[in-house]
Structure formats: structure tokens, C-alpha cells
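# Coordinate analysis (summary)
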Amino acid sequence: MREGSSHLLRLQNRMTTTNRALPLRSPRGLFVLGLLAAGGLAVGWFIVPAHARTFAYVHALVGPICIATLCVSALYRHVKHSRWLVPLLLIGVMLNVVSCPHDLVLTTIGLAAGALATFASLFNHHRAAIAATLLCCSAITATLLVGLLRHG
Amino acid sequence: MTTPVSNANSSFYDPNAQFSPVGGNEPDSATSGPSPAASPSREITLSPVVITGDPGAQQLVRQHEAARQAPDCSQEAKDAALSCAKAGITAAGGSLLATTVVGAGVAVAATLAEAFSCGKDLRTYYDCKTE
């Protein structure tokens, strides 16, 4: 009886999370996000030098880690449309290896894990999707760092 | 009064003007051609000729002009398009997936990182196009 009510409560929490007004979906949140994105564009245009190594390291670390956090959180909480958005974000992470130096073995592992995460997310296998997302983002981060260290 | 043919301001080619005979002798009439007094028109009819030269120099100049007009910025354009597409995907996905304030912060951080990269690559492309 207690176990059943616990399951029901967890399900209710997930449903509440799904239908809750998300912070960045409100007009104010979208405005702030757009403003920050425009500011980031301006900083990248005017301040960041073309071959800044520190920025390359920060970019290789921050992007995949933040996206992995977002994807795992969304998969765990069953956020609405997460089964489509997680593969989209993972494709964005995997596109990092196109324009940056990378290690072939780690890139292969990352791409394979990304493909697995995509299929697992699309077919609602949440645990597999979470594990594959973590592996994909770790491998992509590692390959970018190794590539930067080698070609430095 | 007619204008003299050997005018100092005239720019036509006069072979007698460049010929300086040794000892003040007059040039031979057989080699110096007709004198101005004999043929006042000075018109010479040449048979059609083909002028051959080295086209390599002209081609090099043409290639240099073409290269200066349109620099090859295709790689920079690809990088800028890719990083800006990633920034758009991150912003859209992050805004839809962030469920909490912490999640929103993470989405904002990811969007900022990609926006920095997009701005840097756009600047690189702009510099390539304007150099």
C-alpha cells in the first residue's frame, strides 16, 4: 500500500514537472535569454581573439557539460518533448568535432554513444538514454581536449 | 602658310632625327627612306601582321586580380554557420528543457558559450571578406 502510494506520488511529481510553467518559456525568460545571447555574440565579435586558446578550452568544457546536465535532468524528470530535444542537443554537441581538432578513437566512442542515446531517447528508454548521454558528452569533451592539447 | 613637317612639338616618328652621321655626311637616300619633301603625307601601309607574345604574364595578372577581388572564405563561412547553428539549437533546446532556475542557469551558460563562439567565427569570416 505504502509502495503504491509512493509510486503514485512520484508519478504525480513528474506530471507536475511536465506541465509546470518553465522558467525560460515565459516571455520574460525568453527576452533575457535573447539579450544574453546577443551580448555573447557581441563579446565574441569584439573581445574574443580569433585564436584564443583559453577560450577554446572553456568552450570545449562548458558546452558539453552544460548540455549533458540539461539532457540528464530533462530525461530524469520526463520533461515534455524531451525525447525530441535531447537528440537535438546531442547533435549540437557532436557537431563540435567537425570544426575542432579531435582524437579519432574518442570521437568514434562519442558518436556511437550519441547515436545510442538518440535511439534510446526516441524509444523512451530513459535509463539507457541517460547513460548514453553521459558517455557521449564525456567522450566528446575528452576528444576536444585531447585535440587541443595535441595541436597546441 | 603650311606647318612644317619637322615641327619640334610633333610626336611622329622621324628616322632622320635619330640618325647622326659620322663626319657630318648626309645619310644615304637608299637607306633613309623618302624625305619629307618627297612624300608629304608620310603614310605607310603595312601588310597584316600577327603579334605574338608571352600570355603568361597577362594570365598571371588576371589571376591576381581575380584572387584579390574574391578571397576564398568558404572555410570561415562553414565554421560560422556551424557555430551559429549550434548556438541556435542550444538556445532553443535549453529554453525548452530547463525546468528549474538552476536548469535555466545551465541553459544560459551553454547558450552564452555557443554565442561567444558564434560571434568569434562571424568576426573571423568578416575579417576574411574585408581584407
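Structure: see above.
Residues numbered from 1 in each chain as written. Chains lettered and ligands numbered in written order. Predicted model: local features only at pLDDT ≥ 70, side-chain atom pairs only at ≥ 80, totals over all residues. Heavy atoms only, no water.

### Some thoughts on the interface of chain B and chain A
How we decide: Contact between two residues is taken to exist if any of their heavy atoms lie within 4.5 Å; hydrogens are not considered. Defined here as a combined quantity, buried area equals the accessible surface (1.4 Å probe) lost by two parts on assembly, summed across both. Here a polar contact means two N or O atoms within 3.5 Å. Within protein one must be a hydrogen donor candidate and the other an acceptor candidate, and residues neighboring in sequence count only if both atoms are side-chain atoms. Per the convention used, a helix needs a DSSP run of H or I reaching at least four residues, while a strand needs a run of E reaching at least two, with both numbered from the N terminus. All residues other than Ala, Val, Leu, Ile, Met, Phe, Trp, Tyr, Cys, Pro, Asp, Glu, Lys and Arg, Gly among them, are scored as polar; the first ten of these are nonpolar and the last four charged.
Listed as interface residues are 36 residues of chain B and, on the opposing side, 41 residues of chain A. Where chain B abuts chain A, roughly 3400 Å² becomes buried across the two surfaces, and 78% of that area is made up of carbon and sulfur atoms. When the buried area of chain B at its contact with chain A is split by residue, B:Leu97, B:Thr99 and B:Lys120 rank highest and sum to 21% of it. Summed over the shared surface of chain B and chain A, the number is 4 residue pairs in polar contact (both at pLDDT 80 or more). By residue number, the principal contributor to the side of chain B that touches chain A is helix 5 (residues 101–130) of chain B, which donates 22 residues. Broken down by class, the residue content of the side of chain B that touches chain A amounts to 20 nonpolar, 11 polar and 5 charged.

### A word on the nonpolar core
Most often, soluble globular proteins keep nonpolar side chains buried together rather than apart. Our working rule: Side-chain atoms within 4.5 Å link the members of a nonpolar core, which is a set of buried Ala, Val, Leu, Ile, Met, Phe, Trp, Tyr and Cys residues. Residue exposure (1.4 Å probe, protein chains only): buried if accessible area is under 20% of the type maximum, exposed if over 50%, otherwise partly exposed.
Among the nonpolar cores identified, the biggest contains 39 residues, and A:Leu90, A:Ile140 and B:Leu97 are the most heavily contacted of them. Mapped onto this core, the elements with two or more residues apiece are helix 3 (53–77), helix 4 (82–94), helix 6 (104–122) and helix 7 (126–150) of chain A together with helix 4 (74–97) and helix 5 of chain B. No other element matches the 9 residues that helix 3 of chain A contributes to this core. In this structure A:Leu90 touches A:Gly114, A:Ala117, A:Thr133, A:Cys136 and A:Cys137, once residues within four positions along its chain are discounted.

### A word on the state of the cysteines
Linking two cysteines covalently via their sulfur atoms produces the bond known as a disulfide. For the record, the criterion: The rule for a disulfide is simple: a pair of cysteine sulfur atoms within 2.5 Å.
In total, this model carries 2 disulfides over all chains according to the counting rule given. Disulfide partner of B:Cys73: B:Cys128, at an S-S distance of 1.9 Å. As the torsion about the S-S bond is roughly -90°, the B:Cys73-B:Cys128 disulfide counts as left-handed. Here B:Cys73 is found in the loop between helix 3 (55–69) and helix 4, whereas its partner B:Cys128 is found in helix 5, with 55 residues between them in sequence. Residue B:Cys128 is classed as buried on the basis of its relative accessible area of 10%. Listing the disulfide partners of chain B by sequence rank of the bonded cysteines yields 1-4, 2-3. Here A:Cys137 is not disulfide-linked; the sulfur of A:Cys136 is the nearest cysteine sulfur, at 5.0 Å. Relative accessible area serves as the criterion here: at 3%, A:Cys137 is assigned to the buried category.

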